[in-house]
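Below, each chain spelled out in residue letters.
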Amino acid sequence: MNDQTDVLAGIEYRMSPTAQEALDQFLNVHPDMQAVHDQPWDVSDPKLFGNEKVHAIFREMRAKAPVNKATGTPQGDYWNITTVKNIQHVEALPKIFASAFEKGGMVIQDSTPQAKAEGRGKTFIAMDAPDHTLRRRAVAPAFTPAEMVRLTDLVRSRTVEVLENLPRGEQFNWHKLVSVDLTTKMLATLFDFPWEHRDALPFWSDWQSDLALGATPELEKLRHDIMIEMGTCMYKLWEQRLNAPPAPDLLSRLIHSEEMPEMDMMEFMANMSLLIVGGNDTTRNTMSGIADAFDRFPQERAKLDADPSLIPNAVQECIRFVTPVAHMRRTAQEDYELDGHLIKKGDKVILWYKSANRDESVFDEPDVLKVDRENARRHVAFGYGVHRCVGARLAEMQLRILIEEMIRLGVRPRVTGKVERLNNVFINGFSNVEVTLDPA
Ligand code: HEM
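How do you make sense of the sheet that holds strand β4 (residues 172-173) when you look at a structure like this?
What holds strands together in a sheet is hydrogen bonding between their backbones, with the strands either parallel or antiparallel. Taken in spatial order, the three strands make up an open sheet running β4-β10-β9, and their pairing is antiparallel. The two strands at the open ends of the sheet, each matched to only one other strand, are β4 and β9 (414-421). Pairing of β4 with strand β10 (residues 430-436) involves two bridges; the strand directions are antiparallel. By the bridge assignment, F172 is partnered in β10 with V435. Sheet strands touched by helix α12 (residues 265-296): β9 and β10. Its angle to β9, the strand with the most contacts, is close to 135 degrees.

Explain the pattern of salt bridges here, please?
For side chains bearing opposite charge, pairing can occur when the charged atoms are close. Using the criterion set out here, one finds 38 salt bridges in the structure. The partner of K370 in a salt bridge is E365, with the nearest N and O atoms 2.9 Å apart. Its relative accessible area of 46% is what places E365 among the partly exposed residues. With its nearest N and O atoms 2.7 Å apart, the salt bridge here joins R408 to E405. Residue R408 and its partner E405 are both found in helix α16 (residues 392-409); the two are separated by three residues, about one turn of the helix.

Could you clarify how one ought to interpret the environment of E420 in this entry?
Mapped onto the elements of the fold, E420 is located in strand β9. Since its relative accessible area comes to 32%, E420 is described here as partly exposed. When the C-alpha positions of E420 and E21 are compared, they lie 14 Å apart, and in sequence the two are 399 residues distant. Excluding residues within four positions of it along the chain, E420 makes contact with F430, S431 and N432.

Would you explain the site of the ligand in this entry?
Taken together, 30 residues are adjacent to the ligand, and E91, H132, R136, H387 and C389 come closest. Note that an oxygen atom of the ligand is positioned 2.4 Å from one of the side-chain N or O atoms of E91. Y384 places a main-chain nitrogen or oxygen 3.2 Å from an oxygen atom of the ligand. Looking at the shell around the ligand, the elements with two or more residues in it are α6 (131-139), α12 and β5 (327-332). Ranked by the residues each element gives to the shell around the ligand, the list is headed by α12, at seven residues. The residue makeup of the shell around the ligand, split by class, is 17 nonpolar, nine polar and four charged.

When you look at the sheet that holds β5 in this model, what are you seeing that I'm missing?
Taken together, the five strands give an open sheet; going across it, the order is β1-β2-β8-β5-β3, and neighbouring strands pair in mixed fashion. If you trace the sheet from one side to the other, it starts and ends with β1 (67-73) and β3 (97-98), each paired once. Where strand β2 (residues 76-81) lies against strand β8 (residues 348-352), three bridges are found, and the strand directions are parallel. Among the inter-strand pairings, N80 is bridged to a residue of β8, identified as I350. On the sheet, helix α4 (residues 84-91) packs against β1, β2, β3, β5 and β8 and is oriented at approximately 130 degrees with respect to β8.

Explain the packing of aromatic side chains here, please?
Summed over the entire model, instances satisfying the criterion amount to eight aromatic pairs. Ring geometry for F58 and W352: centres 5.3 Å apart, planes at 50 degrees, overall tilted. Remark: W352 occurs in strand β8 and F58 occurs in helix α3 (residues 54-64); sequence separation between them is 294 residues. For the ring pair W238 and F268, a centre distance of 6.5 Å and an interplane angle of 55 degrees mean the geometry is tilted. Linking W238 in helix α10 (residues 217-242) with F268 in helix α12, this pair joins segments that are 30 residues apart in sequence. We classify F268 as buried; its relative accessible area is 0%.

Is there a simple way to explain the environment of E161 in this structure?
Checked against the element boundaries, E161 lands in helix α7 (residues 145-164). Its relative accessible area of 45% is what places E161 among the partly exposed residues. With 103 residues separating them along the chain, E161 and D264 place their C-alpha atoms 40 Å apart.

What exactly am I supposed to notice about the packing of helix α9 (residues 200-209) against α10 here?
Think of two packed helices as two axes; the pair is described by the angle between the axes and how far apart they sit. At a minimum axis separation of 10 Å, α9 and α10 run at an interaxial angle of 140 degrees. The angle between the axes of α9 and α10 places the two elements in the oblique class. Like other packed secondary-structure pairs, α9 and α10 cross with a definite hand, here left-handed. Across from F203, W204, W207 and Q208 in α9, the residues of α10 making contact are L219, L222, R223, I226, M227, M230, C233 and M234. Residues of the contact of α9 with α10, tallied by class, amount to 10 nonpolar, one polar and one charged.

Honestly, the pairing of β10 in this entry has me stumped. Any pointers?
Two faces, one strand: in a regular strand the side chains alternate between the faces of the sheet. Taken across its seven residues, β10 has six buried, putting it largely inside the fold. Relative to β10, β9 is paired through five bridges, and the arrangement is antiparallel. Looking at β10, one finds that V415 is bridged to V435.

So, how was this worked out
- Residues numbered from 1 in each chain as written.
- Predicted model: local features only at pLDDT ≥ 70, side-chain atom pairs only at ≥ 80, totals over all residues.
- Heavy atoms only, no water.
- Pairing = 2+ DSSP bridges.
- Helix = DSSP H or I, 4+ residues; strand = E, 2+ residues; numbered from the N terminus.
- Contact = heavy atoms within 4.5 Å.
- Axes fitted to C-alpha atoms, helices over the stretch in contact; angles between N-to-C directions.
- Salt bridge = Lys/Arg side-chain N within 4 Å of Asp/Glu carboxyl O.
- Buried < 20%, exposed > 50% of the residue type's maximum accessible area, 1.4 Å probe, protein only.
- Near = heavy atom within 4 Å.
- Polar contact = N/O pair within 3.5 Å; in protein donor to acceptor, adjacent residues only side chain to side chain.
- Nonpolar A, V, L, I, M, F, W, Y, C, P; charged D, E, K, R; others polar.
- Phe/Tyr/Trp six-rings, centres within 6.5 Å; stacked < 30°, edge-to-face > 60°.
- Parallel < 35°, antiparallel > 145°, perpendicular 65-115°, else oblique.
- Left-handed = near helix turned anticlockwise from the far one by under 90°.

Set out below in structure tokens:
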């Protein structure tokens, strides 16, 4: 642990409005955003994800045209790639299908000219070799099997504490009391982030990952201001860690890495943002999805009660079922024929993990949760190839411990109220999962 003086004391940063509040307000003012567009297979409308109607559209695409081009949409023209085979094919060719920020980036929404000029979003997930390789090397040591062993006891004790303190016999929001709390604490531990300020981490993360928020200059400005506040805090921490001996936290690792001299301050900030979003939204929403899925498939959780050795496989199946990252984007660097379709140089290519993880040619009854599914590990929720999620082991460890402790402590959430999903085309997530636990 680093010096415990509060380096963030006195720095002003806001904690509202939340990204969801800002988006809801925006949708009220711009109801046209809520329409499903004329183009039948344009799935860029965030509402299709909030109400899960997108699954029916993806099913139709997989059956009729697993590779197809949506044209004239609010996100321009783009290719829909919807199956495991084709996603892996594209991701195995990073020289042809690039991730680099300046070539198009990693999400369906194009960067604004201002963001491009400022280099915002220039993180290693949005870079190609050799830059990507170099940066990834700097953070990868934080996620080795040995590091996971080092963190296991801490993650378990925090998980137990959270589960044991849940209300019994009364309704509560699992998303807030379990998923947000646990992942925020994990992230604060990973960064050795000042504990009393840790709630800022999910707030910043939400503001970065909600793509629809870039839809107007006002929202873009608000997001920009919030990112500046985050940058100010990160700068303070950077100064602190730079002047302290190297430590195992992610910030210190990055700052003291051989690669750090290659990065300017903007890039350092962007990489911190990437790790905050990567470590936060994804695992958190899987935790909420687990409560929802176990309620919808009670026989599956009963299988775990009867045979806890199924838990590691159940983790993979839950990640497949929830698929917290709905898509990533690539941009073609040359003409390429995929599955009989000519993708032209410069075309935007969207890899829909949300669809591929329901690919019926790979997964039997894909819309059903099966904790003993033999090929659950074939999911592509972590991506594939050189960009495959660097934090996958950490996420798997957190989720495994959560399920193990739920089974051991008899924590069986029953959905007794609302389940609200995010209207978000990138992060497939929840804002509310109202559950009740039986009295102890
Ligand atoms: C269930 C949890 C998670 C899921 C489903 C997930 C999913 C993904 C996906 C789809 C990608 C892009 C892969 C590609 O383009 O092929 C990615 C990359 C990344 N993830 Fe995760 N992630 C999770 C948890 C985490 C955690 C816990 C962290 C860190 C604390 C993290 C950090 C990153 C980073 C830094 C990258 C960029 C890797 C690169 O470009 O080389 N993720 N993740």
